[in-house]
Amino acid sequence: MPVLVIGEGHGILYANTAAEDFFQASAIVLKRQRLDDLVAFGSPVLTLVEEVQRRGASVSEYRLELASPRLGLDRVVDVFASLLPSQPDAVVLLLQERTIAEKMDRQLTHRGAARSITALGAMLAHEIKNPLSGIRGAAQLLESSVEDDDRLLTQLICDEADRIVKLVERVELFGDERPSERGPVNVHDVLDHVKRLAHSGFARHIRFSEVYDPSLPPVAGNRDQLVQVLLNLVKNAAEAIGNDAIDGEITLTTAYRPGIRMQTPGSGTRLALPLEIGVRDNGPGVPPDLHQHLFDPFVTTKAQGSGLGLALVAKVIGDHGGIVECESAPRRTTFRIRLPLHEAKPSQAG
């Protein structure tokens with residue numbers, strides 16, 4: 001996160017690398033300026049610094065508008081300010097963009113939403129699948145004793161019963177809390193496998209491109225589950241592009257991005273999530289009214305969709321200790337998965 005140290009007269013004494021990126025200037029240039037030069041006149045950030053200097057206590061403010069007409073910045077940030085222990089007249093400013101914080105909050109909400117239907121999945125499996133098998137069996141018995149016109153109706157009963165069973169089985173996956181076998185997984189092997197499956201089926205008409213970090217270390221996960229998650233995202237991307245598109249393209253990306261850490265519920269430690277996998281398409285994008293609820297169960301933009309695919313993605317990635325997020329714009333919709341590294345256990349030999 002961007003960190004600045006502000007001295008007397010709002011002079012900038014220090015700026016880290018993230019601050020250089022944030023303010024689009026090198027640390028040398030920033031240290032020649034005052035905070036007043038970076039933010040708009042009367043900015044609440046200036047008042048915050050003065051309050052910390054006056055009270056001698058740490059102060060935090062949330063959702064402050066940080067505007068800088070000179071740099072063209074207009075962002076909403078959380079600001080954490082405190083005195084520098086070794087230099088009491090200096091104030092340390094830490095900035096956190098709300099976009100990052102809100103993505104993390106949404107991911108935790110999505111994870112809770114997925115888990116909230118665990119009991120529903122178990123109940124549906126028991127209470128619905130058994131009667132459906134009886135209905136289907138009765139329809140098959142009737143089929144042999146009815147006329148041809150009525151046989152279409154019995155076939156309709158069987159087809160609809162099968163469709164409901166498939167939906168119930170997808171919901172039932174949320175109730176599977178058994179620990180899955182995990183180990184080091186090469187994400188590039190997973191992506192290549194997913195691409196081959198897509199090319200041989202639903203994405204024959206779509207061009208694939210790869211932007212990979214070849215030095216990416218293994219991820220800690222279950223290969224089959226990661227294949228299912230990425231296949232789901234690629235299938236969604238292909239369906240968003242449509243069958244009639246002549247320039248449809250899906251871009252698969254991997255990258256190593258340190259700096260993202262998340263504390264999981266029930267744990268006192270923060271887990272690093274440096275491995276990033278991306279699936280980007282040039283379709284029309286996600287409707288703005290659905291973006292906040294994209295990973296909630298039963299939310300879908302498809303006429304025949306169940307709305308469970310992305311909810312299942314959120315659950316599986318959450319069970320892996322990771323997060324999934326979406327950035328959507330016309331002709332540029334990206335799903336990003338962030339996962340922890342596989343850490344080899346020290347050998348006990350010798």
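Bear in mind the structure is a predicted one, so any value in this text is a computation, not a measurement.

Asker: Go over the packing of helix α9 (residues 187-199) against helix α10 (residues 223-241), please, and point to the residues and values.
Answerer: Axis separation between α9 and α10 bottoms out at 9 Å; the angle between their running directions is 50°. Viewed along their axes, α9 and α10 adopt a mutual orientation that is oblique. α10 is crossed by α9, and the crossing has right-handed handedness. Contact with α9, carried on its side by D189, V190, L191, H193, V194, L197 and A198, involves R223, L226, V227, L230, L231 and V234 of α10 and no other residues of that element. Of the residues that constitute the contact of α9 with α10, the class distribution is 10 nonpolar, one polar and two charged.

Asker: Please set out unusual backbone geometry residue by residue, giving values where relevant.
Answerer: Of note, H10 is a non-glycine position whose phi angle comes to about 65°, a positive value. One can find H10 in the loop between β1 (3-6) and β2 (12-15). Take H10: its relative accessible area is 9%, and that puts it in the buried class. Of note in this structure, R331 is not a glycine but carries a positive phi near 65°. Within the element layout of this structure, R331 appears in the loop between β13 (323-329) and β14 (332-339).

Asker: I'd like a description of the pairing of β2, backed by residues and values.
Answerer: Across three bridges, β1 lies against β2 in antiparallel orientation. The residue of β2 that forms the bridge with I6 is I12. Between the antiparallel neighbours β1 and β2 lie five residues, among them G9 with a positive phi of about 65°.

Asker: Would you mind going over the nonpolar core in detail, with residue names and values included?
Answerer: L230, I250 and I337 are the most contacted members of the largest nonpolar core, which has 40 residues in total. For this core, the elements supplying multiple residues, two or more each, are α9, α10, β9 (249-256), β12 (275-281), α12 (309-319), β13 and β14. For this core, the element with the highest residue contribution is α10, accounting for 10 residues. Excluding anything up to four places from it in sequence, L230 contacts V190, L191, V194, I277, V279 and I337. The next biggest cluster of nonpolar side chains, apart from the first, holds 26 residues, and it includes I12, A19, L38 and V77.

The rules behind the values
- Residues numbered from 1 in each chain as written.
- Predicted model: local features only at pLDDT ≥ 70, side-chain atom pairs only at ≥ 80, totals over all residues.
- Heavy atoms only, no water.
- Axes fitted to C-alpha atoms, helices over the stretch in contact; angles between N-to-C directions.
- Helix = DSSP H or I, 4+ residues; strand = E, 2+ residues; numbered from the N terminus.
- Parallel < 35°, antiparallel > 145°, perpendicular 65-115°, else oblique.
- Left-handed = near helix turned anticlockwise from the far one by under 90°.
- Contact = heavy atoms within 4.5 Å.
- Nonpolar A, V, L, I, M, F, W, Y, C, P; charged D, E, K, R; others polar.
- Buried < 20%, exposed > 50% of the residue type's maximum accessible area, 1.4 Å probe, protein only.
- Pairing = 2+ DSSP bridges.
- Core = buried A, V, L, I, M, F, W, Y, C linked by side-chain atoms within 4.5 Å.

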